[in-house]
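If you want the building blocks of each chain, they are given just below.
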There are 2 protein chains.
Amino acid sequence: MTHGNHGCCMKIELINTGSELMLGRVLNSHQQWICRQMADHGYTVDRQVGISDDGPVIQGAVREGLSRADLVITTGGLGPTSDDLTRDLIAQLLGRKLREDEAVLRNIESFFQSRSRPMPPSTRVQAMVPEGAVVLANAHGTAPGLAIRLDPRPGARIPQWLILLPGPPRELHPMFRQQVLPLVEQEYPRETPFVCRTLKTTGLGESVVEERIAAPLKPWVDGGMELGYCARTGEVDVRLVSRHPEGVALVAAAEKVCRGLLEKHLYGVDDETLEGTILRLLSSMGRTVGVAESCTGGFIANRITNVPGASRVFRGGVLAYDNEIKERLLNVPGDTLRAHGAVSEPTARAMAEGARRLLGVDYAISVTGIAGPTGGTPEKPVGTVFIGLAAPEGTRVVRQINPFDRETFKFITSQQSLNLLRRELVGEGG
Amino acid sequence: MTHGNHGCCMKIELINTGSELMLGRVLNSHQQWICRQMADHGYTVDRQVGISDDGPVIQGAVREGLSRADLVITTGGLGPTSDDLTRDLIAQLLGRKLREDEAVLRNIESFFQSRSRPMPPSTRVQAMVPEGAVVLANAHGTAPGLAIRLDPRPGARIPQWLILLPGPPRELHPMFRQQVLPLVEQEYPRETPFVCRTLKTTGLGESVVEERIAAPLKPWVDGGMELGYCARTGEVDVRLVSRHPEGVALVAAAEKVCRGLLEKHLYGVDDETLEGTILRLLSSMGRTVGVAESCTGGFIANRITNVPGASRVFRGGVLAYDNEIKERLLNVPGDTLRAHGAVSEPTARAMAEGARRLLGVDYAISVTGIAGPTGGTPEKPVGTVFIGLAAPEGTRVVRQINPFDRETFKFITSQQSLNLLRRELVGEGG
C-alpha cells in the first residue's frame, strides 16, 4: 500500500468521539464519509480511532495522534451539553487559553434569533476558542469547527494541524467540503498527480476476480499503479490508482484490459450502481420494466425505485408470494405449478411472461426460490432460485443456488436478476 | 460513564482492518454491531481502531492493543487474497508457527463441493492456523476465526485473548454470537449482575420521549439505573440498564412506567423489529396481510418478507407505480384518480380495499405519495404520503409529510405503515 499524501511523509489520523459509538447505538458514518472525501482527493487517512466521551481518553488519543500524524481530525464533543468535552480538553492539552470569540457568539445569537427561540445560556460556551485557532464557521448549527496550526513534528518539514469538527453530519459535511479540504490542499499540496478509478463487478468471487486480472495487470503494478480489491456482499470492486504524470492514460489502458477479462461481470464504474445503470439504459432506450417477485418479496423493485426518476421506466409489479396469486394474477398454469412446483424453470418462465403481459412492460423479471431457513429438498436445497427474464426477444430462465441468510439471499438474487437484465440491455444476453 | 467490564479493570479494544475502510469504500458496520453486542451483554469496548491492510501498521496496532487491553478483537484480513495479511502477521508478531488444520481444510473443501464449484488453490491458505489457537468454525464461509490465549498483561489477574474474526458480516455475526460471546463470558465473568432492556419506539422525537419519561423515572435513576436515549431515523430507543442484585425487577418496573407513558409509540423491546412484531401477531391470530405500494416501491413488503416464516401470513402484493396499474389491477376508479389525483385519501382507500379483495387477505396496507426529489405541488409538497389500511373492521387512511431523501422517505413511511397495522392488530386502532 503506498500513500499519496505529500510524497511518502504525510500522515492523517481521524478520531471519532462519542459514547453512543462505543455502545453500538449509532453507526460511525463519519469514518466512511471523511475517508472517502480524502481518498477521492488523493489523501489517505492512515488511522481512525473511536473512543467514548471521557476526558483522559480523549486527551490521550489526541496526544498519540499528534505524535504520529501531521494532520489530526476529531469529530464530536463540541456541543453545549455536559458530555461535550473536546474543546476544553484540547485547549488544556495544548496549553492554550480559551477566549470568547465575538464573531462566533454573534453567529450563535443570530442562529437562535432566526428561529425565534431564546438562546440557552449553555450554548455560549461554544463561542470559546483556543488562542491562535482558525474558526471554521458553522452554517448549519451553533458549534464552529476549530483548526489549530502547531509546530511541525520533530524532523518534519510540513506543518502540523489539529482540526476539531462538530458531530452532526449536516454541520460537518459542508464545513469539511468548503473549509477543511481547501485548507488541507493548501497546507499539504500533493506532490504527484492522482487518478482513481473503481470498476464494479458482480457474479464473481474476490479470488476469481484476482485470478483473472492480477497477472495481466502485472506490468501496470510493476510500473507503480496500485491495484486493490474490495469484496462486499454480491460484488467486488477493483480499484486502480495511479500517481504517474500519464496516470489518466495508464489507468484507462488498465481498465480496458479488465473489461476484456471481467466481461459481463463488470457493470459500472466509480459511484454507479446496478439499478442506476439499468435505469439509465432503459431511459435512453425508452423502454419499461416490471417485476414478478416471490421469494425476494419486493427487494428488486425497491432497489429500482430507489433511483430518482424510476417512474420513467418502472411501471409496477406483482409480489406473488402465495401460489394462488402466481396462478390467478400472473396466469401461471395450475398444471405447471402441480407438475414442476413453484420453484422451477417453467414457473419462473410463466411468471415472467405473465408479468410482461399483465403490466404491459418491455422487460419483466421474475424470481421464485427458497429463501430459507426451511423449505429445502434434496433436489432443490435452500437457496435454490430460478430467475426469469421476459424480453421482446424472448424469455430466458437461469437457476442459481444462493445458500445464505434471507437478507443476503435477497441481495445476491437481486444482483443476479438486475445483471441479467443489464446484460440483455447491452446486448450481452443469450 | 460506568463500565461493566470485569469490575473496573478489563479493557476491550476492537481493530478493524481493511484498506477499503480507510479509503471510505465501505461503511464500518462491524464497529456498531460488535460494540452493541458487547454493550448488551454488559461489556464496553474502550477503543476501536481502523487501519488499512498494511503489514507493519496491522502489527503495530495489535501490539499497541495488547499493551492496553485484555481482550483485543480484529476483523478482516483472513480471506484468500494477497491483501489478506492478518493471519500471517499475527503469527509472526506472536512468534507462533502456522500449521495446516485438517478440519478447517475439509470445511473449505466441502464449502466448494456443496456449491459445485472448484476450490481455488489460493483458498487453502485459510486452513493455516497459528500454534495453540482455538479455531472458531465458520458455518457461512471458508475463513475460520481464531482465538489465541496469551499470558495475562503485567500485573493483571485475568487472561489476555486475541481474537481474529473474518470480515464478511454473514460470517462474523453467527461466529460472534455462538462462539465469541460464550468465550468472553466464560473468560471474563461479570462481577456485578447486568440487566439491559431496550424499549423501541417510533413516531416521537428524542426530546419528546425524554420529556415524557425522564421525570417519572427519576427515582430509578437516583437508585443507580442507567437511562439512555438513542435517536435514529424514524425511531428512538430507550435503554434501561441495572447492575443491582434486583435489577430484573427494577428494570421491569421502570419498563412498565415507560409503557404507560409511551403508549402506542412503543412497538417492541431489545432486538424486536416492527415487521417481526407484526408477523408474530398475525401468526397467532391466523390472519394474513398484503400490500399495494406505489411510492415505497416494494420496501414495505421487503421488510415483512425479511422475517423467516413470512409466508405464513404474507400472501403477496401489487406494486402500482403507474396509475394505469392502480386502475386495472387494484380497481381504483378512474374517476377517483382524475378527481383527486393518485396521491390522495380516496386513492389510498381504494388501493387498500382493492388489494384486500384482489389478494384475498385480512389486512391490506396501501401507500401512495411523492417520494421526490421532484413532483411536489403547493398543496401536496414532496414527502406527502397517504397510507391506507383495509381491515375486517373497515378502512382507515392517514396523511403524513415525510420530506426526506428517497430512501429515508421509504423507511419512515414504512415505519408509519407498519405501526398503523400493528396498532390495529393490538386493538389500539381507531
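Conventions and cut-offs
Counting from 1, residues in each chain are numbered in the order their sequence is written. Chain labels run from A onward and ligand labels from 1 onward, assigned in the order the entries are written. Given that the model is predicted, a residue must reach a pLDDT of at least 70 before its local features are reported, and side-chain atom pairs must reach 80 or more before they are shown or counted; all residues, however, enter totals for whole chains, interfaces and linings. Only DSSP runs of H or I covering at least 4 residues are called helices, and only runs of E covering at least 2 are called strands; the numbering of each starts at the N terminus. Put plainly, a residue is buried at 20 or more neighbouring C-beta atoms within 10 Å of its own, exposed at 12 or fewer, and partly exposed in between, counting only other residues' C-beta atoms, which are placed from the backbone. What counts as a contact here is a pair of residues whose C-beta atoms, placed from the backbone, lie within 7 Å. Polarity classes work like this: nonpolar for Ala, Val, Leu, Ile, Met, Phe, Trp, Tyr, Cys and Pro, charged for Asp, Glu, Lys and Arg, and polar for all others, with Gly in that last group. At least two bridges found by DSSP between two strands are what make those strands a pair. In this description, a line fitted to the C-alpha atoms serves as the axis of each element, helices being fitted only across the stretch in contact, and the angle between N-to-C directions of two axes falls anywhere from 0 to 180 degrees. Buried Ala, Val, Leu, Ile, Met, Phe, Trp, Tyr and Cys residues form a nonpolar core when they are connected through C-beta atoms within 7 Å. Roughly parallel means an angle under 35 degrees; roughly antiparallel, over 145; roughly perpendicular, 65 to 115; everything else is oblique. Crossings are sorted by hand: turned counterclockwise from the far helix by less than a right angle, the near helix makes the crossing left-handed, and turned clockwise it makes it right-handed. Throughout, the edges of the domains are those of an automatic or database domain assignment. For a helix, the expected span equals 1.5 Å multiplied by the number of residues minus one. The predictor's confidence in any single residue is recorded as pLDDT, a number from 0 to 100.

1. Considering the overall build of chain A
What chain A contains, in helices and strands, is 15 helices and 17 strands. Dimensions along the principal axes, computed over C-alpha positions, put chain A at roughly 85 × 60 × 40 Å. The 430 residues of chain A split such that 48% are buried. Long-range contacts, defined here as pairs at least 24 residues apart, represent 65% of the contacts in chain A between residues at least 6 apart.

2. With respect to the interface of chain B and chain A
Taken residue by residue, the interface counts 62 residues in chain B and 63 residues in chain A. Counting residues per element, the ones that place at least two in the side of chain B that touches chain A are α1 (19–22), α2 (29–40), β2 (47–51), β10 (226–232), α11 (299–305), β14 (314–320) and α15 (406–425) of chain B. Partitioned by chemical class, the residues of the side of chain B that touches chain A number 25 nonpolar, 22 polar and 15 charged. In the sheet, strand β2 (residues 47–51) of chain A pairs with β2(B) via five bridges, with the strands oriented antiparallel. Each residue of the ladder has a partner; that of G50(A), found in β2(B), is Q48(B).

3. Examining the sheet that holds β10(B)
Residues and elements named next belong to chain B. If you trace the four strands from one edge of the open sheet to the other, you get β10-β11-β9-β12, paired in antiparallel fashion. Bordering the open sheet on either side are β10 and β12 (266–269), each of which pairs with just one other strand. On average, adjacent strands in this sheet sit at an angle of 20° to one another, irrespective of strand direction. Examined bridge by bridge, strand β9 (residues 195–201) and strand β11 (residues 235–242) share seven bridges and lie antiparallel to one another.

4. Observations concerning the nonpolar core
Ranked by internal contacts, the top residues of the largest apolar core, which has 136 residues, are L330(A), A355(A), A364(A), A355(B) and A364(B). Excluding residues within four positions of it along the chain, A355(B) makes contact with G290(B), V291(B), A292(B), G317(B), V318(B), L330(B), A364(B), S366(B) and A390(B). Listed in part, the 95 residues of the second largest apolar core include I90(A), M175(A), V62(B) and L85(B).

5. A short note on the pairing of strand β7 (residues 145–150) of chain B
It is a general feature of regular strands that their side chains alternate between the two faces of the sheet. All names here are of chain B. Bridge count between strand β6 (residues 134–136) and β7: three bridges; the pairing is antiparallel. Along β7, the bridge assignment pairs L136 with G145. Inspection of the sheet shows β7 paired to strand β8 (residues 160–165) by five bridges, in the antiparallel sense. If you follow A147 over to β8, its bridge partner there is I163.

6. Examining the packing of helix α3 (residues 55–68) of chain B against helix α4 (residues 86–94) of chain B
Residues and elements named next belong to chain B. Where α3 meets α4, the closest approach of the two axes is 10 Å, and the angle between their N-to-C directions is 55°. As summarised for this structure, α3 and α4 are arranged oblique, according to the angle between their axes. Taken as a pair, α3 and α4 cross one another with a handedness that is right-handed. Where α3 abuts α4, its residues G55, I58, Q59, V62 and R63 lie against T86, L89, I90 and L93. A breakdown of the residues in the contact of α3 with α4 according to their chemical character gives five nonpolar, three polar and one charged.

7. Points about the domain arrangement of chain A
All names here are of chain A. Domain annotation for chain A reports domain 1 (12–187), domain 2 (195–269) and domain 3 (274–425). Listed per partner, the contact involves eight residues of domain 2 and ten residues of domain 3. A breakdown of the residues in the side of domain 2 that touches domain 3 according to their chemical character gives one nonpolar, five polar and two charged.

8. What about helix α5 (residues 102–114) of chain A?
A rise of 1.5 Å per residue sets the reference length of α5(A), with its 13 residues, at 18 Å; its end C-alpha atoms lie 18 Å apart and thus fit the reference within 8%. Directly after α5(A), the chain includes S116(A), whose backbone phi takes a positive value near 55°.

9. Observations regarding the environment of I163(B)
Residues and elements named next belong to chain B. Its place among the elements puts I163 in strand β8. Taking C-alpha positions, I163 is 9.3 Å from A133, a pair spaced 30 residues apart along the chain. Residues in contact with I163, not counting those within four places in the same chain, are I73, G145, A147 and V180.

10. Some remarks on unusual backbone geometry
Phi is mostly negative for residues that are not glycine, and the peptide bonds are mostly trans. Put simply, G372(A) and P373(A) share a cis peptide bond, and its omega is 5°. Relative to the assigned elements, P373(A) resides in the loop between β15 (363–369) and β16 (384–391). Positive phi is not limited to glycine here, since N331(B) has a value of about 60°.

11. Considerations on the environment of L14(A)
Residue and element names in this part refer to chain A. Within the secondary structure, L14 sits in strand β1 (residues 12–17). Judged by C-beta crowding, with 27 C-beta atoms within 10 Å, L14 ranks as buried. Sequence-wise, L14 and V62 are 48 residues apart; in three dimensions their C-alpha atoms are separated by 9.4 Å.

12. Brief notes about helix α14 (residues 345–359) of chain A
All names here are of chain A. Here α14 contains 15 residues, and its C-alpha end-to-end distance of 21 Å stays within 8% of the 21 Å for a straight helix at 1.5 Å per residue. In terms of burial, α14 is a largely internal element, twelve of the 15 residues being buried. Those residues of α14 lying buried are T347, A348, R349, A350, M351, A352, E353, G354, A355, R356, L358 and L359. Just past α14, the residue G360 takes up positive phi, approximately 65°.

13. What about the sheet that holds strand β15 (residues 363–369) of chain B?
Strand order in the open sheet formed by ten strands is β17(A)-β16(A)-β15(A)-β13(A)-β14(A)-β14(B)-β13(B)-β15(B)-β16(B)-β17(B), and the pairing between neighbours is mixed. In this open sheet, the two edge strands, each paired with only one partner strand, are β17 (394–401) of chain A together with β17 (394–401) of chain B. Between one strand axis and the next, the sheet turns through 15° on average, direction left out of account. Against the sheet, helix α15 (residues 406–425) of chain A touches β15, β16 and β17 of chain A, its axis set at about 25° to β16(A).

14. Remarks on the confidence of the model for chain A
Counting all residues, the mean pLDDT for chain A is 92, and 97% of those residues have values of 70 or more. Across the predicted assembly, pTM comes out at 0.84 and ipTM at 0.84.

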